[in-house]
Amino acid sequence: MPRTARDVVFVDGVRTPFGKAGPKGLYAETRADDMVVRAIRELLRRNPSLPPERVDEVAVAATTQTGDQGLTIGRSAAVLAGLPKSVPGYAIDRMCAGAMTAVTTTGAGIAFGSYDVVIAGGVEHMGRHPMGEGVDPNPRFLAERLVDPSALVMGSTAENLHDRFPGITRERADAYAVRSQRKVAAAYAAGKIQPDLVPTAIRSAEKGWGLATEDEPPRPGTTPDDLAGLKTPFRVHGNVTAGNAAGLNDGATACLLAAEDVARELGLTPRMRLADFAFAGVEPEVMGVGPVPATERLLARNALTMDDIGLIEINEAFAVQVLAFLEHFKIADDDARVNPWGGAIALGHPLASSGVRLMNQLARLFEERPDVRFGLTTMCVGMGMGGTVLWENVNWEGSK
């Protein structure tokens, strides 16, 4: 029988605090699957009116799908989280946009009528599984000149983007990074970030058991002078540093999506509506520009312009990547619509998990901004892609 598309809503989202990757990081002795299980359990705890058996799918992303991030992690996490064995699950890999793709894929399934309620998210333990672990790129990439060698090194692609946009200087990138740190510090001080953080058990050989309750990466006192003295590891006399890029991080995210009518039937409160999404490919050597064509495609399809967008949550893999997006759309570097509570340069970027962090922050911002109807979550993706999701504020005052 013909099916009518249903409205899809974001009900709730949580994440573990993000940690620094490495032997001294928060999660050095914590398994990746345990992190995502913690996030799933917290979603269920926060939404007690949802019968666990009503969850139709669990989609979890990981970029490096091996070890404790392998074994079809969506299914294994569902079982470990205590969901009924009847609830299926699967794994997704779209590198940095893994959790974003988990949301758009399952959200499309809800719209089509195949699901009523889903859990979608992502995890990355970069301390246990460094970026590129076990990867064996086909030699044809280089032998047949399909990509430049720099395409396989994310920092080098950011340097390429500086070449493509010569007006984006190191000083401008550093200034953006400092603003991100300051915005995160202000958001923490105002209690904006903490509501969606899941306290997570951790242990270390030195301190024993503990509890992670806040993000580890932020450096709130960062100044332009601090960043000016950092080395440029990807190019001699380059522009990309550890200060104007996201770090190597560990963390997990999860969110609850549902058909809007089912959410209300189950006593769940919709927080924002999934309006549309788009992914696009670009040259892998400048993967950071990926959000531009993805966003252009999305706006055109919905007869919108950037003036219609009241909030933009863009992943800060590198400052230059964000600035290239802003420059293309003629948005000021300090536009109040962009990452009002800061972004990944300060908070961290555990690859496949980050898409849902963007959504969590946008949903919270929508609650405070009933004057805003539309918002975007957007990010660049390794190997030359970009993804953008258009969200509608269910509390938009113009709909009342």
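Residues numbered from 1 in each chain as written. Predicted model: local features only at pLDDT ≥ 70, side-chain atom pairs only at ≥ 80, totals over all residues. Heavy atoms only, no water.

What follows deals with the overall build of the chain. For the chain, the helix and strand inventory stands at 12 helices and 12 strands. Against the 2.2 N^0.38 benchmark of 21 Å for 400 residues, the chain shows a C-alpha radius of gyration of 20 Å, consistent with a compact globule. The principal-axis extent of the C-alpha atoms belonging to the chain is close to 60 × 55 × 50 Å. Of the contacts made within the chain by residues no fewer than 6 positions apart, 79% connect residues no fewer than 24 positions apart. With an accessible surface of roughly 16,000 Å², the chain has 53% of that area assigned to carbon and sulfur atoms. Computing the positive centroid from 41 side-chain charges and the negative centroid from 49, the chain places the two 2 Å apart. (Helix = DSSP H or I, 4+ residues; strand = E, 2+ residues; numbered from the N terminus. Rg over C-alpha atoms; globule rule 2.2 N^0.38 Å. Contact = heavy atoms within 4.5 Å. Areas by Shrake-Rupley, 256 points an atom, 1.4 Å probe, with all protein chains shown as cover. Lys, Arg positive; Asp, Glu negative; His and termini not counted. Charge placed at Lys NZ, Arg CZ, Asp CG, Glu CD.)

Quick look at a nonpolar patch on the surface now. A cluster of nonpolar side chains, contributed by Leu 142, Leu 152, Val 153 and Phe 234, occupies part of the molecular surface with about 310 Å² of accessible area. In this fold, Val 153 is placed in the loop between helix H4 (140-143) and helix H5 (154-164). A residue is classified by how much of its surface remains accessible, and Val 153, at 37% relative accessible area, is partly exposed. (Patch = residues over 30% accessible without salt bridge, like charges linked within 9 Å, V, L, I, M, F, W, Y side chains within 5 Å. Salt bridge = Lys/Arg side-chain N within 4 Å of Asp/Glu carboxyl O. Buried < 20%, exposed > 50% of the residue type's maximum accessible area, 1.4 Å probe, protein only.)

We now examine the environment of Ala 344. The residue Ala 344 is located in helix H11 (residues 344-347) in this model. Exposure remark for Ala 344: the relative accessible area of 0% places this residue in the buried category. Taking the C-alpha atoms as reference points, Ala 344 and Ser 354, 10 residues apart in sequence, are found 8.3 Å from one another. Apart from the residues lying within four places of it in its own chain, the contact partners of Ala 344 are Ala 246, Asn 315, Glu 316, His 349 and Arg 357.

The subject of this paragraph is the pairing of strand S8 (residues 249-259). Among the 11 residues that make up S8, 11 are buried, leaving the element largely enclosed by the rest of the structure. The pairing of strand S5 (residues 117-125) with S8 spans nine bridges and is antiparallel. Bridging from a neighbouring strand, Val 123 pairs with Ala 252 of S8. (Pairing = 2+ DSSP bridges.)

Once that is clear, we can look at the side chain of Gln 181. Examined against the element boundaries, Gln 181 turns out to sit in helix H6 (residues 170-189). Polar side-chain contacts of Gln 181 include one of 2.8 Å to the backbone nitrogen of Arg 219. Other than its neighbours up to four places away in sequence, Gln 181 contacts Pro 218, Arg 219, Pro 220, Thr 222, Ile 345 and Ala 346. (Polar contact = N/O pair within 3.5 Å; in protein donor to acceptor, adjacent residues only side chain to side chain.)

Further remarks concern the packing of helix H3 (residues 98-112) against helix H12 (residues 354-368). It is at 5 Å that the axes of H3 and H12 come closest, and there the two elements cross at 70°. In terms of axis orientation, H3 runs roughly perpendicular to H12. Contact with H3, carried on its side by Ala 99, Met 100 and Val 103, involves Gly 355, Val 356 and Met 359 of H12 and no other residues of that element. Residues of the contact of H3 with H12, tallied by class, amount to five nonpolar, one polar and no charged. (Axes fitted to C-alpha atoms, helices over the stretch in contact; angles between N-to-C directions. Parallel < 35°, antiparallel > 145°, perpendicular 65-115°, else oblique. Nonpolar A, V, L, I, M, F, W, Y, C, P; charged D, E, K, R; others polar.)

What UniProt calls "domain: Thiolase N-terminal" (unreviewed entry) maps, in this numbering, to residues 8-261. Taken end to end, residues 8-261 comprises 31% helix and 19% strand; its first and last C-alpha atoms sit 9 Å apart. (UniProt positions renumbered as here; feature names shortened; annotations may be inferred.)

Tallied over the full model, the rule gives 28 salt bridges. For the salt bridge of Arg 54 with Glu 265, the shortest nitrogen-to-oxygen distance reads 3.6 Å. Separated by 211 residues along the polypeptide, Arg 54 in the loop between helix H1 (32-46) and strand S3 (57-61) and Glu 265 in helix H8 (residues 260-265) bring together distant segments of the chain. The exposure class of Glu 265 is exposed, given its relative accessible area of 55%. In this structure, Arg 301 and Asp 276 form a salt bridge, with 2.9 Å as the shortest nitrogen-oxygen distance. With Arg 301 in helix H9 (residues 291-301) and Asp 276 in strand S9 (residues 272-281), the pair connects residues that are 25 residues apart, well separated along the chain. A relative accessible area of 48% means that Arg 301 is categorised as partly exposed. Where salt bridges share partners, they join Asp 12, Arg 46, Asp 196, Arg 271, Arg 364 and Glu 367 into one cluster.

Okay, the environment of Gln 181 next. For Gln 181, a relative accessible area of 2% translates into the label buried. Counting along the chain gives 163 residues from Gln 181 to Ala 344, while the straight-line C-alpha distance between them is 9.2 Å.

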